[in-house]
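Spelled out from the first residue to the last, the chains are:
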Amino acid sequence: MAASAPTEVSTPLLRRLHRILQQQADLQGQARRGPMQLKAVGAAVVAAETEVSQAATALKKARMVSDEKQLQLQTREAHVADLNRKLNEAASNKEFTLLKEQIAADEQANSVQSDEIFEILERIDTLTGQVKEKEGLLAEAQAENEKRVAEIKQRQERVAADLARVEIQLEEAETEIPSVVKADWKRLIEARGEEAFAPIEGESCGGCSQTLTTQVASLLMLSKLTYCPNCNCILYLPEDRSV
Ligand SMILES: [Zn+2]
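Since the structure is predicted, the reported quantities are computational estimates derived from the model, not experimental observations.

(A) Spatial organisation of helix α1 (residues 11-88). The end-to-end C-alpha separation of α1 is 116 Å, in line with the 116 Å expected for 78 residues at 1.5 Å each. Along its length, α1 reaches its greatest deviation from straightness, about 30°, at G34, and the proline P35 lies no more than four positions downstream. The opening residue of α1, the one whose side-chain oxygen lies 2.9 Å from the backbone nitrogen of L13, is S10.

Spelled out as structure tokens, the structure:
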């Protein structure tokens, strides 16, 4: 790329171009993070929704068990009433004793069943409280999410505006690129962004850390266009090195 007679370029322009490209890369990175940030804050709502749904399912199941047990209890109570009626009509001692035993067994079963139903009703109370609690947490998560989404969107709007401004600055700076290298540089900028340029750091390329010859620094001191022989970026003197 280097011409036989090195092109003269303004060091301040190289610094400015690189600074603009660095800002552009930083803003582009921020813009890319926006959707991920939105997804991350939305995850808390999804988790809270799952908790509500699990608690509601447990409550629904407990209610079904309760209904089933109440129905069994009613059926057995009807059966006991029926047996008691038969008891009055018992034709023999044997039948009477047998009915008595059946009634006793059913009443025992009903007593156990009543205790179980009582426990389930207590469990339903607890689960109802849990559903309410989880719904409260979900509402909090949704409110927090709304706030965070608004913040992220606002920040992304700022980033987009900054990016538009930086792109105008880049276009303006690009008009100052010497015409003989303009096409090359624009291709390089297009392909590598901020990595198209690097300041020298001590005796090395700031982009790839390749040690440079003293001739490179001398050329840069004379504002001569110089590429890194290793990574081929356009080198420039940083602010703390005089031109
Ligand atoms: Zn390099």
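On we go.
(B) View of the packing of aromatic side chains. Overall, the coordinates contain one aromatic pair when judged by the stated rule. Seen in terms of ring centroids, W185 and F197 are 5.7 Å apart; in terms of plane orientation they differ by 80°. Their pairing is edge-to-face. Linking W185 in helix α3 (residues 179-192) with F197 in strand β1 (residues 197-201), this pair joins segments that are 12 residues apart in sequence. The pair W185 / F197 is uniform in exposure class, with both members buried.

(C) The UniProt feature "coiled-coil region" (unreviewed entry) in the chain, seen in detail. The residues that UniProt annotates with the feature "coiled-coil region" (unreviewed entry) are residues 124-176. Summarising residues 124-176: 96% helix, 0% strand, and an end-to-end C-alpha distance of 76 Å.

(D) Highlighting the side chain of D106. Relative to the elements of secondary structure, D106 occurs in helix α2 (residues 93-174). Here D106 occupies a buried position and makes no salt bridge, while the nearest side chain of opposite charge, R76, is found at 4.5 Å. Among the polar contacts listed, one links the side chain of D106 to the side chain of H79, at a separation of 2.7 Å. In contact with D106, other than residues within four places in its own chain, are R76, H79, V80 and L83.

(E) Structural context of the environment of N232. With respect to the helices and strands, the residue N232 is situated in the loop between α4 (214-221) and β3 (234-236). On a C-alpha basis, the gap between N232 and V52 in space is 58 Å, while along the polypeptide they are 180 residues apart.

Rules used in this analysis
Residues numbered from 1 in each chain as written. Predicted model: local features only at pLDDT ≥ 70, side-chain atom pairs only at ≥ 80, totals over all residues. Heavy atoms only, no water. Helix = DSSP H or I, 4+ residues; strand = E, 2+ residues; numbered from the N terminus. Expected span 1.5 Å × (residues − 1). Bend = angle between axes of the 7 residues up to and from the residue. Polar contact = N/O pair within 3.5 Å; in protein donor to acceptor, adjacent residues only side chain to side chain. Phe/Tyr/Trp six-rings, centres within 6.5 Å; stacked < 30°, edge-to-face > 60°. Buried < 20%, exposed > 50% of the residue type's maximum accessible area, 1.4 Å probe, protein only. UniProt positions renumbered as here; feature names shortened; annotations may be inferred. Lys, Arg positive; Asp, Glu negative; His and termini not counted. Salt bridge = Lys/Arg side-chain N within 4 Å of Asp/Glu carboxyl O. Contact = heavy atoms within 4.5 Å.

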